[in-house]
Protein chains: 2
Amino acid sequence: MNRSRNLKTTRVRSRGRPVDEDARLVRRNRILAAARASFAAEGFHATSTATIARAAKLSVANLYQYFPSKDDLVLALVQQDLQADIALVVELGRQGPFPRAVESVLHGVLEERGKDEDGFRLRLEILAEATRNVAVRRALASAEAQVIQLLADQVGEAQSRGEVGREESPETIARLLYLLADGAASTADATTSDGRRSIEAVARLIARVLGPGK
Amino acid sequence: MNRSRNLKTTRVRSRGRPVDEDARLVRRNRILAAARASFAAEGFHATSTATIARAAKLSVANLYQYFPSKDDLVLALVQQDLQADIALVVELGRQGPFPRAVESVLHGVLEERGKDEDGFRLRLEILAEATRNVAVRRALASAEAQVIQLLADQVGEAQSRGEVGREESPETIARLLYLLADGAASTADATTSDGRRSIEAVARLIARVLGPGK
DNA sequence: GTCTATAGGGGGATAGAC
DNA sequence: GTCTATCCCCCTATAGAC
């Protein structure tokens, strides 16, 4: 739609014509959403471009007008997902005064596993892919560093407010939270009620020992 | 080698002829070793049977005499690897009196990541595969339950010896250790010296808070 | 901009010779 | 028991019509 038919010139560059950028973005996001569901269901390598195109309701050739290769599509999705992870951690860390925020983080991770199963499958897929794909590895390492830094900042502020003991550095505590969240996100039986109960117990234990000096 | 040429009958069953079972086992293990390296390098789905056969120095058709399908080969490897994980955790938990054994577990996991990189890549691959392959999922859930149970037993004994406080149940503490180990095994920057240092600090923190009553 | 059709290359698995 | 040769399907990516 909105085709200009009086301009049949082959190249129309650098004179910022509209070109329906909005429609392009909408379609791009539709592809990403389809790719997300497909990759989560079958993994990056077992998912064909045809499957994604079908889910996004366009042709394979058209898909290649939006992403130059399957690898580029994978990377775009990885970056989008890592950003969501960062946002989740930050959001969770803000819930309540700090030692209890630890419980919020772990509890929130478990909640998310129920609500956004695709997100957690994708996360495992990204961890595995990072061991062999350089671009994915870089994106993951960067996101990881950001999350730990953000957590450390939150812990530092909580220490200033006297909500968390000063026996350990903010970095160490942040790392501890990250390891626990990582574990809770990967553990197979976090989908069973027994598994979730145990993880919540761990969260309470950690919150208790992190409290202000005894 | 050792071919019997006077028995050209098609089926030689149930009259337990030698049939060189030993050679068969050797070859089977050579295939598993080749598959392990190949799967770790490229992942289950991106690795072709031709790649594995080449690495094991036999033909694809011959490989199919040992494993009826690629899926069966994957599953055999998964089970072998999960057994190794269990053995590792048990071994690590035995090193030293308990609160310090926590440090041994995390330290040992980091050591292993350096020594057996293939093992850790495979572990991520297994976690991802478990989300879509029922047989792999079952094997993983079973191994996970075993590891947590073994850890809980060790913690319980340590509590009897007064090495660990009784404020928390053995199961909760075991789960905590499992989550940390899981996190340490997945975390991308556990391969950097900064990352390792932080994780060791976490281990010390946990060992300290688990010590016998204050 | 979007499509259909197809190129060009591997993939898993097996038949049949030796 | 092991191999070579091959079947048949599906993959990523592109050419060219509309």
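Residues numbered from 1 in each chain as written. Chains lettered and ligands numbered in written order. Predicted model: local features only at pLDDT ≥ 70, side-chain atom pairs only at ≥ 80, totals over all residues. Heavy atoms only, no water.

### So, the domain arrangement of chain A
All names here are of chain A.
Piece 1. Domain assignment breaks chain A into domain 1 (1–68) and domain 2 (70–214).
Piece 2. Each of domain 1 and domain 2 has a C-alpha centre, and the two are 33 Å apart.
Piece 3. Each partner contributes to the interface: domain 1 provides 19 residues, whereas domain 2 provides 18 residues.
Piece 4. Between domain 1 and domain 2 the total buried area reaches about 1600 Å² when both faces are included, carbon and sulfur atoms providing 67% of it.
Piece 5. If you sort the residues of domain 1 by the area they bury against domain 2, Arg36, Ala40 and Phe44 come out on top, with a joint share of 44%.
Piece 6. Where domain 1 packs against domain 2, one counts two salt bridges.
Piece 7. Between Asp116 and Arg36 there is a salt bridge, and its shortest N-O distance comes to 2.9 Å. (Domains from an automatic or database assignment. Contact = heavy atoms within 4.5 Å. Buried area = accessible area lost by both parts, 1.4 Å probe. Salt bridge = Lys/Arg side-chain N within 4 Å of Asp/Glu carboxyl O.)

### What about the protein's contact with DNA strand C?
Piece 1. Surveying the vicinity of DNA strand C reveals 16 residues, the closest of which are Ser59(A), Tyr66(A), Thr49(B), Tyr64(B) and Lys70(B).
Piece 2. Looking at DNA strand C alone, sugar and phosphate atoms form 71% of those within 4 Å of the protein.
Piece 3. Note that a phosphate oxygen of DNA strand C is positioned 3.4 Å from one of the backbone N or O atoms of Thr47(B).
Piece 4. The contact in question runs from a phosphate oxygen of DNA strand C to an N or O atom on the backbone of Lys70(B), over 2.9 Å.
Piece 5. Taken together, the elements giving at least two residues each to the surface near DNA strand C come down to α3 (60–63) of chain A together with α3 (60–63) of chain B.
Piece 6. Of the residues that constitute the surface near DNA strand C, the class distribution is seven nonpolar, seven polar and two charged. (Near = heavy atom within 4 Å. Polar contact = N/O pair within 3.5 Å; in protein donor to acceptor, adjacent residues only side chain to side chain. Helix = DSSP H or I, 4+ residues; strand = E, 2+ residues; numbered from the N terminus. Nonpolar A, V, L, I, M, F, W, Y, C, P; charged D, E, K, R; others polar.)

### Digging into the packing of aromatic side chains
All names here are of chain A.
Piece 1. Enumeration over the complete set of coordinates arrives at two aromatic pairs over all chains.
Piece 2. Centre to centre, the rings of Phe39 and Phe44 are 5.0 Å apart; their planes meet at 80°, and the pair counts as edge-to-face.
Piece 3. With relative accessibility at 3%, the residue Phe44 sits in the buried group.
Piece 4. If you follow Arg24 out to its NZ or CZ, it ends over the ring of Tyr66, 4.4 Å from the centre. (Phe/Tyr/Trp six-rings, centres within 6.5 Å; stacked < 30°, edge-to-face > 60°. Buried < 20%, exposed > 50% of the residue type's maximum accessible area, 1.4 Å probe, protein only. Lys NZ or Arg CZ within 6 Å of the ring centre and 35° of its normal.)

### Considering the packing of helix α1 (residues 21–42) of chain A against helix α4 (residues 70–93) of chain A
Residues and elements named next belong to chain A.
Piece 1. Interhelical geometry of α1 versus α4 gives an angle of 85° and a closest axis separation of 10 Å. In terms of orientation, α1 lies roughly perpendicular with respect to α4. Contacts from Arg28, Ile31, Leu32, Ala35, Arg36 and Phe39 of α1 reach α4 at Lys70, Leu73, Val74, Ala76, Leu77, Gln80 and Asp81.
Piece 2. Class assignment for the residues of the contact of α1 with α4 results in eight nonpolar, one polar and four charged. (Axes fitted to C-alpha atoms, helices over the stretch in contact; angles between N-to-C directions. Parallel < 35°, antiparallel > 145°, perpendicular 65-115°, else oblique.)

### Digging into the interface of chain B and chain A
Piece 1. Every contact between the two is made by 38 residues of chain B and, on the other side, 38 residues of chain A.
Piece 2. Note on chain B versus chain A: buried area summed over both sides is about 3400 Å², and carbon and sulfur give 65% of it.
Piece 3. Among the residues chain B hides against chain A, the three largest losses belong to Arg132(B), Arg175(B) and Leu179(B). Together they make up 17% of the total.
Piece 4. Between the two partners, chain B and chain A, sit six salt bridges.
Piece 5. We note a salt bridge from Asp189(B) to Arg175(A), for which the minimum N-O separation is 3.0 Å.

### What to know about the protein's contact with DNA strand D
Piece 1. Lining the immediate surroundings of DNA strand D are 16 residues, of which Thr49(A), Tyr64(A), Lys70(A), Ser59(B) and Tyr66(B) lie closest.
Piece 2. Close to the protein, within 4 Å, the atoms of DNA strand D are drawn from sugar and phosphate at a rate of 71%.
Piece 3. A distance of 2.5 Å separates a phosphate oxygen of DNA strand D from a polar side-chain atom of Tyr64(A).
Piece 4. Separating a phosphate oxygen of DNA strand D from a side-chain N or O atom of Asn62(B) is a distance of 3.0 Å.
Piece 5. Residues of the surface near DNA strand D, tallied by class, amount to seven nonpolar, seven polar and two charged.

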